[in-house]
Amino acid sequence: MPKMLFSSESGVTQDGWNCITCPKGLTSEGKCKCLNNEILVERSIDGILLNEALCMHCNGSEQSFSASDASGNRCVRCEQTFINVSKSCDCSSPNILTGGLCFSASDSLPPKGVATVRFGQLGITLTSAWFLKNLQSSASACWLYSNLTACQALGNMCVMNMNSLSSSSTDACGLFQYIYVNTARLGIVHSIAFWRHNLPWLYYGDQPGLASQVLEANHFPTIFSFKGTDKDVKLQFIAASFDAAGNFLKWQNLEGGILQLCPDTQTKLSAAYAFGTTYQQSCKISVSKILLDFANPIFYDLFLEYNGDNGQQYLWAVPVLNLNLQYSEMFVNQGSNMNNWLLTRRFFLVDTLSGKENDLGKLPRVIRIASKITISIRLVSHTQRGTIYPPLLTIAYTDVLVQNPETQSVMVSFSVSYEMNQSEAQIQTDITLGVLGGLAVLWSLLKTAGWKRRTGSSIIDLQTVLKFLLFYAGDLANVFFVITVGTGIYWLVFFKAQQFVSVLLPLPSQEEDFVTYIACAFSLKALQFLQLLVSQLAIDIFFIDWERPKGKVLKAVEGEGVIKSAAAPVSIWRTYFIANEWNEIQTVRKINPLFQVLAVLFFLEVVGFSNLALMDSSSSLTRGSESYIAPWSRILRFGVSAALWLAIAFLQIIFFSVFYERFVEDKISQFVDLCCMSNISVFLLSHSCFGYYIHGRSVHGHADTNMEEMNINLKREAENLCSQRGLLPNTDGQTFQISISRKMRLHYDRIHETLTRKRGPARLLDSSANTFEQSTRAYNTMNKFLSSFIDHVHKEMDYIVKDKLLLERILGMEFMEPIEKSIFYNDEGHSFSDVLYYGNETTLLIFDVLFFSIVDLASQSFVLAAILTYLQQEIFRFIRNTLGQKNLASKTLVDERFLI
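Reading the values: the criteria
Residue numbers here run from 1 along each chain, matching the order of that chain's written sequence. For this predicted model, a pLDDT threshold of at least 70 governs which residues receive local features, and a threshold of 80 or more governs which side-chain atom pairs are given and counted, while totals over whole chains, interfaces and linings are taken from all residues. Hydrogens and waters are ignored; side-chain quantities use all the structure's heavy atoms. Strands here are runs of E lasting at least two residues and helices are runs of H or I lasting at least four, both read from the DSSP assignment and numbered beginning at the N terminus. By definition here, a helix of n residues has an expected span of 1.5 Å times n minus one. For salt bridges, the criterion is a side-chain nitrogen of Lys or Arg within 4 Å of an Asp or Glu carboxyl oxygen. A 1.4 Å probe rolled over the protein chains alone gives each residue an accessible area, and that area as a share of the maximum for its type sets the label: buried under 20%, exposed over 50%, partly exposed in between. Each pair of aromatic rings taken from Phe, Tyr and Trp, with Trp reduced to its six-membered ring, is defined by centres within 6.5 Å and is described as stacked if the planes are under 30 degrees apart, edge-to-face if over 60, and tilted in the remaining cases. A ring has a charge above it when a Lys NZ or an Arg CZ is no more than 6 Å from the ring centre and no more than 35 degrees off the ring normal. Fitted lines through C-alpha atoms serve as axes, helices being fitted only where they are in contact, and the angles separating the N-to-C directions of these axes extend from 0 to 180 degrees. With respect to orientation, any angle under 35 degrees is reported as roughly parallel, any angle over 145 as roughly antiparallel, any angle of 65 to 115 as roughly perpendicular, and every other angle as oblique. Note on convention: the crossing is left-handed when the near helix lies turned anticlockwise from the far helix by less than a right angle, right-handed when the turn is clockwise. We call two residues in contact when some of their heavy atoms are within 4.5 Å. Polar here means any residue other than Ala, Val, Leu, Ile, Met, Phe, Trp, Tyr, Cys and Pro, which are nonpolar, and Asp, Glu, Lys and Arg, which are charged; Gly is therefore polar. Here the rule is simple: two strands pair whenever DSSP picks up at least two bridges between them. Cysteine sulfur atoms that come within 2.5 Å of each other are treated as a disulfide pair. In plain words, nonpolar cores are sets of buried Ala, Val, Leu, Ile, Met, Phe, Trp, Tyr and Cys residues tied together by side-chain atoms within 4.5 Å.

**Student:** In this structure, what is going on with helix 21 (residues 862-892)? I would like to understand it.
**Tutor:** Taking 1.5 Å of rise per residue, the 31 residues of helix 21 would be expected to cover 45 Å, and the 44 Å separating its terminal C-alpha atoms lies within 8% of that figure. Note on helix 21: the residue one or two positions beyond its end, Leu893, has a positive phi of about 65°.

**Student:** Help me understand the pattern of salt bridges, please; the structure alone is not making it clear to me.
**Tutor:** Close approach of charged atoms lets side chains of opposite charge pair. Using the criterion set out here, one finds 26 salt bridges in the structure. Here Glu511 ties to Arg634 by a salt bridge, and the two come within 3.1 Å at their closest N and O atoms. Remark: Arg634 occurs in helix 14 (residues 634-663) and Glu511 occurs in the loop between helix 10 (462-497) and helix 11 (512-536); sequence separation between them is 123 residues. Note that Glu814 and Lys804 form a salt bridge whose closest N and O atoms lie 2.8 Å from each other. Of this pair, Glu814 sits in the loop between helix 19 (806-811) and strand 31 (822-826) while Lys804 sits in the loop between strand 30 (799-802) and helix 19, and the two are 10 residues apart along the sequence. A relative accessible area of 1% means that Glu814 is categorised as buried.

**Student:** Help me understand the packing of aromatic side chains in this model?
**Tutor:** What characterises a pair of aromatic rings is the spacing of the ring centres plus the angle enclosed by the ring planes. This model, assessed by the stated rule, comprises 58 aromatic pairs. Their ring planes at 15° and their centres at 5.8 Å tell us that Phe522 and Phe847 sit as a pair that is stacked. Here Phe847 lies in helix 20 (residues 841-859) and Phe522 lies in helix 11, a separation of 325 residues in the sequence. When the ring of Trp582 is compared with that of Phe671, the centres are 5.5 Å apart and the planes differ by 50°; the resulting orientation is tilted. Note that Trp582 is positioned in helix 12 (residues 573-585) and Phe671 in helix 15 (residues 667-678), a separation of 89 residues in sequence. The pair formed by Trp582 and Phe671 is uniform in burial state, with each residue classed as buried. Members of the aromatic cluster, each reached through a chain of ring pairs, are Phe220, Phe224, Phe226, Phe275, Tyr306, Tyr314, Trp316, Tyr418 and Phe495. Here Arg345 stacks its cationic end above the ring of Trp201, 5.0 Å away from the centre of that ring.

**Student:** So what exactly am I meant to see when it comes to the packing of helix 13 (residues 593-607) against helix 14 here?
**Tutor:** The geometry of a pair of packed helices is captured by two quantities: the angle between their axes and the separation between those axes. Remark: helix 13 packs on helix 14, axes separated minimally by 10 Å, with the N-to-C direction vectors making an angle of 135°. As judged from the angle between their axes, helix 13 and helix 14 are oblique. With respect to the hand of their crossing, helix 13 and helix 14 are arranged in right-handed fashion. On helix 14, the residues that touch Phe595, Gln596, Val597, Ala599, Val600, Phe603 and Leu604 of helix 13 are Val640, Ser641, Leu644, Trp645, Ile648, Ala649 and Gln652. The residue makeup of the contact of helix 13 with helix 14, split by class, is 11 nonpolar, 3 polar and no charged.

**Student:** Looking at this structure, how should I read the environment of Glu665?
**Tutor:** In this structure, Glu665 sits in the loop between helix 14 and helix 15. Look at Glu665 and you get partly exposed, because its relative accessible area is 25%. Sequence separation between Glu665 and Val699 is 34 residues; the distance between their C-alpha atoms is 24 Å. In this structure Glu665 touches Tyr660 and Gln670, once residues within four positions along its chain are discounted.

**Student:** What should I look at first to understand the pairing of strand 31 in this one?
**Tutor:** Along any regular strand, the residues point their side chains to alternate faces of the sheet. Most of strand 31 is tucked away: 4 of the 5 residues are buried. Inspection of the sheet shows strand 29 (residues 735-739) paired to strand 31 by 4 bridges, in the antiparallel sense. Bridge assignment links Phe736 to a residue of strand 31, and that residue is Asn826. Note that strand 30 and strand 31 share 4 bridges and pair parallel. Bridged to Ile800 within strand 31 is Ile823.

**Student:** Is there a simple way to think about unusual backbone geometry in this case?
**Tutor:** What is expected of a backbone is that most residues other than glycine have negative phi and most peptide bonds are trans. Notably, Met162 is not glycine yet its phi reads approximately 65°, a positive angle. Structurally, the position occupied by Met162 is in the loop between helix 3 (148-160) and helix 4 (172-181). We note that Asn163 has phi near 55°; this positive angle belongs to a residue other than glycine. Residue placement: Asn163 occurs in the loop between helix 3 and helix 4. Look at Asn163 and you get buried, because its relative accessible area is 1%.

**Student:** Mind showing me how you'd approach the state of the cysteines here?
**Tutor:** In protein chemistry, a disulfide is the covalent bond that joins the sulfur atoms of two cysteines. In total, this model carries 6 disulfides according to the counting rule given. Bridging Cys142 to Cys151, the disulfide has an S-S length of 2.0 Å. Around the S-S axis, the bridge from Cys142 to Cys151 shows a dihedral of about 100° and counts as right-handed. A single burial state applies to Cys142 and to Cys151, both of which are buried. Two residues, Cys158 and Cys173, share a disulfide whose sulfurs are 2.1 Å apart. Torsion about the S-S bond of the Cys158 and Cys173 cystine: about 105°, corresponding to right-handed handedness. With Cys158 in helix 3 and Cys173 in helix 4, this pair connects stretches of sequence that are 15 residues apart.

**Student:** What is the right way to read the nonpolar core from this model?
**Tutor:** Inside soluble globular proteins, nonpolar side chains tend to come together where they are buried. Ranked by internal contacts, the top residues of the largest apolar core, which has 149 residues, are Phe131, Leu235, Phe237, Phe275, Phe347, Ile369 and Phe414. At 10 residues, helix 20 tops the list of elements feeding residues into this core. If we skip the residues at most four places from it in the chain, Phe275 touches Phe224, Ser225, Phe226, Val233, Lys234, Leu235, Ile377, Ile388, Tyr418, Val501 and Ser617. In this structure, Ala579, Leu684, Tyr692 and Leu899 belong to the second largest nonpolar core, which totals 27 residues.

**Student:** What am I meant to see in the side chain of Ser417 here?
**Tutor:** Relative to the assigned elements, Ser417 resides in strand 23 (residues 409-419). Under the relative-accessibility criterion, Ser417 is labelled buried at 14%. The residues touching Ser417, leaving out its near neighbours within four places in the chain, are Thr374, Ile375, Ser376, Ile377 and Leu507.

Here it is as structure tokens:
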């Protein structure tokens, strides 16, 4: 392009296409300029370019009242305040020019405003270019002319100052309050005392206790339900929006993410307003994106829409709790005391305007962002029809010092919470805990008394106190477990199944007591479980072999070179066989632990029962991939998982007890039968003077026989051609609870001491051969003693057989003390399984449920909880098997190498 040459008085036309002579000089851009109140004319009326530009003066006199516009291209009618005050377009002294408006010096103007904005989080107070330009003029126009737009703009500046009030300040909120107090003559809007004509509604008043009246005095006039028409299950929020200059923009429905700064799908954003759905959304947003998307702040007045009795639509104003608001330099809204709160109405999401210091066209020095927005819905107490109090919008702002917008980011969140007064439920829980806790004390005392009777001691010593505490720990764990399971199932059923809302879930902060109860139940149950494990690993057990030698055999005598006849030895293999069978049933349970874990996990994760633990109103087991997933409720998670675990375990117990053990395999009953076929009885002592006896004496006299004779014996027994198996003649009772006398126990201990002496220090023992002989001799002595005891040989240590009283069975204790004679109680229920896993299924089951729940509450993962629960089951089973096997070998003299 060829270069264009200009003379010294020539410049470029405004469109940049031509040269023109400039009579009054050039701008820095090389274009013609004119004086103030003049407009530049470069073309004639028919569009032909003039040789020399003209500077035309705008006529500011009466009839015309024109002045150049901001761009200097047109003469426009000057602002009305100029005409009213000076009868011209000039606002000369003593008149006052501010914000493009002219005010007479004789007018009663509001106080001089302070154009500063306080960013308390950063400790910065700066002079805002926007406030400097518009604060005083907006206040004056609002005060003198009740100009609606000016009043709205003044209110917006107060909102940008966090609605903070101070008696000594004339900032935006101070000016607004000055005008509000002195314009009572204007009247109120819609019978609302806090809403003055032509003024925006910013405050609910600052009287103490006013917030509680606003939030609790009246009920919102709509009934909400979980299953009904769209209007019954949706919160119809609507907002009036304004720009910073005070212009009304439009009415906006909040669905679609108007207040949610985090991006998401329309479906998930709109799910925030489904009644009963606890909504949580959070994300990190870069400052550069905020500056781009929110170049101009928008202010909102929030309402909740409802239908009146006549079908007419009405709006209910939603109060705002601004946590950044200061009243007399105090953050009154950050406390929990509602009576100190100062509720407001208008709010914004992002303010990138008030933080601009000198030039409104440049980036702000500080921006203010609504980093946490919460809509709180509170249910009216004792309502049966879904009545709520007016919603409350709680908002917290974060001040960000803009340094490098590309690298800076802000965490923002939006949530909708539902709550109700839980004090009554807490009182009922406390009462239940107190009553059941008291009963647990009495039950533990009875257990301790029974334990003292079974140990043969009547002295209350430290061991007694510790035992009582262990009993009480187990019983108190059951109390906590019953309360937590009942609470979880209650909320699960009554919250999810209701149509018209009468209950709402506790908030996460209100669940802390519930979680504490679960933790207490687990800790106490774990203590009981460990005590149970230790007690089972310390039982005294001996296998009484009733088999007698068959004839005599010739035996060479070492060192003498002669052969003598001796009684034929009795085979030890039957004892080893029974010992192995006992070893196998030590950890048999009434349920299949692996199936239990897999079934619970299947129903939770595959069938979808876990979705019942979501904090929403849906009772569906499935959720769409596009639908919003509400946060978990810890109470519902525990309720669902515990209910499933107990239900599946209950079904397993019924299946095994009714079908499997009856038609397939009953390991406990089979063990008793096996003892009888092996001609071996089992003598168990779980306490010093209490234990169990399994009478396994064969009715055929011998069990060490060949297959043919064994089959003949079984056939005779099936055809009732032999006596019955019971301890007493003509009875079938083979299992007994035994309460032995102190004399019997002392005699047992003397023999037992010899039996276990091999475990003493090596320097105190004889050679290994002598030790083996001593142990063998002690074993034979114990076998002979116990068999003779069963046969009533020792009259000074005899026993009687009787039935237990019903009350004794219920209380688990014996009223009669075995002073002279031991007592054998008939026991058809095979209660010797109390020293096995099998007889303690309730304790094991509750421990598993609590372990699963504790892991799940800590990790929020049912899969991890299932894996760790199965691992702990296997670890404790291994410990119980391994140590139980060592105890079995130690107490019965069965070589551990034969236990497989």
